[in-house]
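Now for the letters of each chain:
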Amino acid sequence: MNRKTFSIGGIHPADSKFAADRPIEVLPLPDKVYVSMSQCLGAPSKPIVAVGDKVLAGQVLAEPGGFIGAFVHSPVSGTVKAIGPGKDLAGNRITQIEIDVEGDEWAPGIDLSPELVTELPDDRQVILDKIKAAGVVGLGGATFPTHVKLNPAPPAKAEALLINGSECEPFLTSDYRLMLERPSEIVVGAALMQKALGGPVCYICIEDNKPKAIESMQKAIDSLPYKDILVQPLKKKYPQGGEKQLIDAVMHRQVKSGALPISEGAVVQNATTSFAVYEAVQKNKPLVSNIMTITGNCLPVESQHNCLFRIGVPLSFIAEWAGGVPEKAAKIISGGPMMGKAIANLDAATVKGSSSLLYLSEEVTRRRPEQQCIRCGRCSDACPMGLEPFLLNKLYLAGGREEELEKNAAQDCIECGCCLYSCPAGIPLLDNVRQAKVQVMGIIRARAAAAKAAAEAAKNKN
Amino acid sequence: MAKSYIVSGNPHWHSPASTQKIMLDVIIALCPAVLVSFLFYGWSAILTMAVSVASCVLLEWAITKYLLRKSSTIGDLSAVVTGILLGMNLPSGISWWIIVIGALVAIGVAKMSFGGIGQNVFNPAITGRVFLLISFPAQMTTWPVPHGFIQSVDAFSGATLLGKVKELGAASVADLDYLHTFLVNIGGSAGEISALALLAGWIYLCCRGVVKPWITLSIFATVAIVAAIFHAADPAQFTGPLFNLLTGGVILGACFMATDYVTSPMADWGGVLYGFGIGFIVMMIRYFGSYPEGMSFAILLMNMTVPLINMAFHHKKYGR
Amino acid sequence: MTDTIIWTIVILAGLGLLLALLLYFIAQKFKVVEDPRIDEVEKALPGANCGGCGYAGCRDFAATSVNDEGLTRHFCPVGGNEVMKKVSAILGYTIEEKAPQVAVLRCNGSCEVRPVVNEYDGVKSCKVKASLYSGDTMCPYGCLGCGDCVAACRFGALAMDPATGLPVVDETKCTACGACVKACPKNLIELRNKGPRGMRMVVECRNNDKGPAARKACGNACIGCGICVKTCTHDAIVLENNLAYIDFTKCKLCRECEAVCPTGAIHGINFPKPLDKDAVKARIAERNKAAAAAKAAAAATAVKPEAKEEAK
């Protein structure tokens, strides 16, 4: 099949998938887990248990804090020790539920058997309700609640469901391992989402640097009875896995600035999300575990792991389990080297979106001293959104140039990091462009609010 | 945590590209042309370039240290590139003090007074050359006879082909051996001898992704088309496309001077327009101007339009 | 020859006259009538264009103040009362005097008391740093030390102290324009009344954590123990979210809170003498003893009326 890729910009960082051949291991349970209430995009969840309550694994701990929000379930069985302030991996304050682990007893109704259930529910509402009840969120990084995305407000209609297995970030291998080890479950999950969306074509998008995954997924599709599910190989290029880039690559359509992918008839879901959907609908198992890659450039291959962890396990516990933080590590990152977040607090607990523990050594991760821009244009050549980061950087530093920033589309930045990656002068482009984006979003929001107020006032007059 | 770890925004690693490496690539790309000038003009060509490089680097160092009181920027090798390019644009064996004056104008006036690398409006090496051309016309147009290791038999001594055309008309070069001119073009600046060597360097830069080919190709195309039209109209008065491509500074300018990052447009189509401007102006100067060659002037003139071109041409944005 | 000269002069003079007339009529036609008081007010203003008043520069301040009814919405923090007196004289209003203010940093987490657990590598900007994580130390509320406030100050009144890693306010230069208040992503800078002869009391901390966590993060943190609230006889201190705050309008500068604060989070600024903690503590102890005795006496006498009331 022909390999596709997105049309604007992109870079080719070194693959570095050292942990690709490490099978998924199951992480042992720690003594304590800390379940964060801020695990998805949107409002924090509201706890519905009290201190001292006995909880079972898979039991609901908290309910959504708003329309865009998700249920949070207990990853273990034990006693709620405290509900109070904790720190996330950036050191910022969050509310978390501390649970003393007492065994691994699951809530009734959850099917833990390994058998594949291929029979799909008849009603799409059943699928959506089960996904919502299981607290499934997008596991590709943005942690947007999946049931909201799978239920677009009419008249928008999905024409294609893209299962994102491109895993374009260097180092990360968790999606890859899952595609090798549990391909059938991913396909059933895709079929479920396809049904929930009213039967659009489903493409499972995989970059061509993972031929084994392509083969494995193709085999699973062939052995299962679903219609309109295809494997779509893609040329390796970062950021292929970006929602907008994937839509451009596969469907040759571009989402308008400020619009949602559904406006172009596309719904993008991560391969791991598809697996979580399978477990939620077919097995009644809520999202309480995820797969994490423990990797890095200063870690021997035998110390690299892919592990199935319970959400809420402290990062430091996982690091210890994998053999401790390597001596040469200068930066610990949750996520890939391009878009991951640097961990400021290793004692923080894992959340639904945690996908890796990446150790980078001083020489690759330290920022280079900033030099003057030589106007080589590499940043704008690399930008997958076609922006001109050098210009946005200049306008931001000049201060008070929000209108010009908006005209030059600072708000379209997807923070993929291509500009800063490719800058030969080591100029901290993304650091500044991100701030510029915040400023522009501020004026856009203020304008929308003003327009709304004016409309309201006009209404009241009449 | 016993050890403190680094925290910063994404991305957490970066490409190996650096200003220094880019400049090193340019220096490597210039090597074939430097070698050819050494073969033809011997040590005097090397000496000219050495003086030029040394004075450029020293001047930049002195200016950053004593005038601007900033950390030195000579480590990025951009002054070395300017020095080589300036040296290549001078007749080999020119007096050393003229070279130093050229370097002073190139680095001091054209580069550092605008704020150093990345801030200059005009290409430093060309500014230096044009200043010398206007100030010392006699010395700057006295081309030495090759006295190096290879001595071309039919060498033009003391005049360039373009100079000959200006004086004697287009017919005087009608029976030119173009293959020979492509390989060896004697009579001119030290760096202009071999089109082949210059093109080899340019192709290296393109392959390494240092420059994009659009500006250079646009200049070549414009020069060829303009020359073809005029030549077809009156072959006796106007020289043909091949002659105009191979002689003078078109190849050196198009490959190494017009593609200077700072003084050329950022967007691809902007680069095409910029190249068209240079090609058109150089042909107008050659056909109708009083100078036999106009590459330097053409590039300087188009340098001025770059901010405007940058305003008009942008990258294609996603979803817009 | 002379003809040429004369004609040249005549034509040029005529052309000049014609164009001058044209300009005159255009200027008349497009004349903008402006209240002359705007210029007057602008002249009276300091002309720093800092935006501390909330308007876009001094001209905007002048224009809006002229068109406004009264001066309640306008105050120039840079010029202070003197300038406002002039402005009100021009516009014919009377205004109340405002107490002069100064920027005060509400963090005292200097390098030696705040253990560093992370190292920042990126743009030297608090705003950027704050968007990434909580800071290099265990205190997620404290100063980030990148100096956004220093960069925001137009009067050179702020400078980073390399020894403490915190900004220092030069009170003689600070005009209380509030630019630094807006620049600080952690909201650590507050405009407070300068106080008599510059003397004032400040809780130099914004940590909302409970005692042990705050203490672990920073040796100078307010741990929310509330001793200062109990000690204060002027009702000037409130404790909210494990953090004490001194209301500068109520504080009488007795310095008792400073003496009893176990972590040294409360600071008296610009007092002529250093604080004799033991003497103040002794004074408080004596007063408490007296109060306890009075209370006991009152309790003894109050037993009967209370009993009566209950009987009712």
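Residues numbered from 1 in each chain as written. Chains lettered and ligands numbered in written order. Predicted model: local features only at pLDDT ≥ 70, side-chain atom pairs only at ≥ 80, totals over all residues.

1. Looking at the overall build of chain B
Point 1. Scanning chain B from N- to C-terminus turns up 14 helices and 1 strand.
Point 2. Taken over the C-alpha trace, chain B has a radius of gyration of 21 Å; the compact-globule value for 320 residues is 20 Å, and the two agree within 12%.
Point 3. The principal-axis extent of the C-alpha atoms belonging to chain B is close to 80 × 50 × 30 Å.
Point 4. Classification of the 320 residues of chain B by burial places 53% in the buried group.
Point 5. When contacts within chain B are restricted to residue pairs at least 6 apart in sequence, those whose partners lie at least 24 apart make up 75%. (Helix = DSSP H or I, 4+ residues; strand = E, 2+ residues; numbered from the N terminus. Rg over C-alpha atoms; globule rule 2.2 N^0.38 Å. Buried ≥ 20, exposed ≤ 12 C-beta atoms within 10 Å, placed from the backbone. Contact = placed C-beta atoms within 7 Å.)

2. A few points about the confidence of the model for chain B
All names here are of chain B.
Point 1. Overall, the predicted model of chain B reaches an average pLDDT of 88, with 95% of residues at or above 70.
Point 2. The low-confidence segment residues 153-157 (pLDDT under 50) makes 7 contacts with residues lying over four places distant or belonging to another chain.
Point 3. Reported confidences for the modelled complex are a pTM of 0.87 and an ipTM of 0.88. (pLDDT = per-residue confidence, 0-100.)

3. Topic: the environment of Thr-175 of chain C
All names here are of chain C.
Point 1. Within the secondary structure layout, Thr-175 lies in the loop between β4 (166-169) and α7 (179-183).
Point 2. Looking at Thr-175, the number of C-beta atoms within 10 Å reads 23, which means it is buried.
Point 3. Along the sequence, Thr-175 and Cys-146 sit 29 residues apart, while their C-alpha atoms lie 22 Å from each other.
Point 4. Ignoring anything within four residues of it in the chain, the contact list for Thr-175 reads Pro-77, Val-78 and Phe-155.

4. With respect to the sheet that holds strand β4 (residues 54-55) of chain A
All names here are of chain A.
Point 1. Ordered by their spatial adjacency, 4 strands build an open sheet running β2-β8-β7-β4, and the pairing between neighbours is antiparallel. What marks the edges here is a single partner per strand, and that holds for β2 (32-36) and β4.
Point 2. Taken together, the 2 bridges between β4 and strand β7 (residues 78-87) define a ladder with antiparallel strand orientation. The residue bridging Lys-54 from the neighbouring strand is Thr-79, located in β7. (Pairing = 2+ DSSP bridges.)

5. Regarding the interface of chain C and chain B
Point 1. At the interface, 10 residues of chain C touch 7 residues of chain B.
Point 2. With 3 residues, the top contributor of residues to the side of chain C that touches chain B is strand β2 (residues 118-120) of chain C.
Point 3. Relative to β2 of chain C, strand β1 (residues 5-7) of chain B runs parallel, the two being bridged by 3 bridges. By the bridge assignment, Val-7 of chain B is partnered in β2 of chain C with Tyr-120 of chain C.

6. As for the pairing of strand β12 (residues 266-270) of chain A
Residue and element names in this part refer to chain A.
Point 1. Counted residue by residue, β12 has 5 buried out of 5 residues, so it is predominantly covered.
Point 2. By the alternation rule, side chains of β12 split into Ala-266, Val-268 and Asn-270 and Val-267 and Gln-269, which are all buried.
Point 3. Where strand β9 (residues 160-164) meets β12, 5 bridges bridge the pair, whose relative direction is parallel. Across the sheet, Leu-162 pairs through a bridge with Val-268, a residue of β12.

7. What to know about the packing of helix α1 (residues 19-41) of chain B against helix α9 (residues 195-207) of chain B
Residue and element names in this part refer to chain B.
Point 1. Where α1 meets α9, the axes come as close as 8 Å, and the angle between the chain directions of the two elements is 165°. Relative to α9, α1 is oriented roughly antiparallel. As α1 packs across α9, the resulting crossing turns out to be right-handed. Along its contact with α1, which presents Asp-25, Val-26, Ile-28, Ala-29, Leu-30, Pro-32, Ala-33 and Val-36, the element α9 presents Ala-197, Leu-198, Ala-200, Gly-201, Trp-202, Tyr-204 and Leu-205.
Point 2. In terms of residue class, the contact of α1 with α9 is made up of 13 nonpolar, 1 polar and 1 charged. (Axes fitted to C-alpha atoms, helices over the stretch in contact; angles between N-to-C directions. Parallel < 35°, antiparallel > 145°, perpendicular 65-115°, else oblique. Left-handed = near helix turned anticlockwise from the far one by under 90°. Nonpolar A, V, L, I, M, F, W, Y, C, P; charged D, E, K, R; others polar.)

8. Overview of the sheet that holds β9 of chain A
Residues and elements named next belong to chain A.
Point 1. A sheet is described by the order of its strands in space; here 4 strands give the open sequence β11-β10-β9-β12, paired in parallel fashion. The open sheet has two edge strands, β11 (229-234) and β12, and neither has a second partner. When strand polarity is set aside, the average angle formed by the axes of neighbouring strands in this sheet is 25°.
Point 2. Bridging between strand β10 (residues 201-207) and β11 involves 6 bridges; their strand directions are parallel. In the sheet register, Ile-204 faces β11, and the bridge partner there is Val-231.

9. Quick look at the packing of helix α2 (residues 36-44) of chain C against helix α4 (residues 80-91) of chain C
How two helices pack is summed up by the angle between their axes together with the distance between the axes.
All names here are of chain C.
Point 1. One way to put it is that α2 packs onto α4 with a least axis distance of 9 Å and a crossing angle of 165°. The orientation of α2 relative to α4 falls into the category roughly antiparallel. Crossing of α2 over α4 shows right-handed handedness. Listed contacts from α4 to Arg-37, Glu-40, Val-41 and Ala-44 of α2 are Val-83, Lys-86, Val-87, Ile-90 and Leu-91.
Point 2. The class makeup of the residues in the contact of α2 with α4 is 6 nonpolar, no polar and 3 charged.

10. A word on the interface of chain A and chain B
Point 1. The interface is formed by 49 residues belonging to chain A together with 31 residues belonging to chain B.
Point 2. If one sorts the elements of the side of chain A that touches chain B by residue count, strand β15 (residues 329-334) of chain A sits on top with 4 residues.
Point 3. Taken together, the residues of the side of chain A that touches chain B break down into 25 nonpolar, 11 polar and 13 charged.

11. Some words on the environment of Ser-92 of chain B
Residues and elements named next belong to chain B.
Point 1. Secondary-structure assignment places Ser-92 in the loop between α3 (78-88) and α4 (96-111).
Point 2. You can call Ser-92 buried: it has 28 C-beta atoms within 10 Å.
Point 3. Sequence-wise, Ser-92 and Ser-37 are 55 residues apart; in three dimensions their C-alpha atoms are separated by 8.6 Å.
Point 4. Discounting chain neighbours no more than four positions away, the residues touching Ser-92 are Ser-37, Tyr-41, Ser-44, Ala-45, Thr-48, Pro-144 and Ala-190.

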